[in-house]
Amino acid sequence: MLKPIMALQGFKDYISNAGRQGKKDQVVDAFLRSGDCLFLLKQYREANTYYNRVVDFKYKGADYAMYQMGESFYRQNNYQGSVGQFDRLIRSFRKSSYR
């Protein structure tokens with residue numbers, strides 16, 4: 001599990017250094033990939049903070065982030081939160097392949 005930890009640090013560094021100067025799509029991608037690294041490390045709550053940022057950006061990948069948040073809630077045995085997140089995904093992204 002060393003690779004996700006190393007990758008996560010790289011993405012966090014990019015987010016910190018890019019700030020407002022980075023291209024929006026690259027910054028959003030770094031948040032998304034950070035969430036994925038944390039998800040692989042089973043740090044679901046922290047992963048959801050990164051996925052939430054992607055959703056807040058209202059940019060490409062927001063539907064995937066919502067799906068991953070639903071999965072995170074499920075893996076924490078928060079079934080109500082999981083269903084709520086999947087419902088939000090369905091309502092927000094009618095044409096998403098994650099529906």
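Because the structure is predicted, anything quoted here is derived from the model rather than measured. (Residues numbered from 1 in each chain as written. Predicted model: local features only at pLDDT ≥ 70, side-chain atom pairs only at ≥ 80, totals over all residues. Heavy atoms only, no water.)

Caption draft 1: Quick peek at the overall build of the protein. When helices and strands are tallied, the protein shows five helices and zero strands. Scanning the protein from its N terminus toward the C terminus, one meets helices and strands in the order α-α-α-α-α. Compactness check: the protein gives a C-alpha radius of gyration of 13 Å against a globular reference of 13 Å for 99 residues, within 12% of the reference. The buried share of the protein, taken over its 99 residues, is 36%. Contacts spanning at least 24 positions in sequence make up 45% of the contacts within the protein whose residues lie at least 6 apart. (Helix = DSSP H or I, 4+ residues; strand = E, 2+ residues; numbered from the N terminus. Rg over C-alpha atoms; globule rule 2.2 N^0.38 Å. Buried < 20%, exposed > 50% of the residue type's maximum accessible area, 1.4 Å probe, protein only. Contact = heavy atoms within 4.5 Å.)

Caption draft 2: Examining the packing of aromatic side chains more closely. Enumeration over the complete set of coordinates arrives at seven aromatic pairs. Between F31 and Y50, the aromatic rings sit 5.8 Å apart at their centres with planes inclined by 45 degrees, giving tilted as the arrangement. You can see F31 sitting in helix α2 (residues 24-40) and its partner Y50 sitting in helix α3 (residues 44-57), a full 19 residues away along the chain. Its relative accessible area of 6% is what places F31 among the buried residues. Geometrically, the ring pair formed by F31 and F57 is tilted, given 5.7 Å between the ring centres and 55 degrees between the ring planes. (Phe/Tyr/Trp six-rings, centres within 6.5 Å; stacked < 30°, edge-to-face > 60°.)

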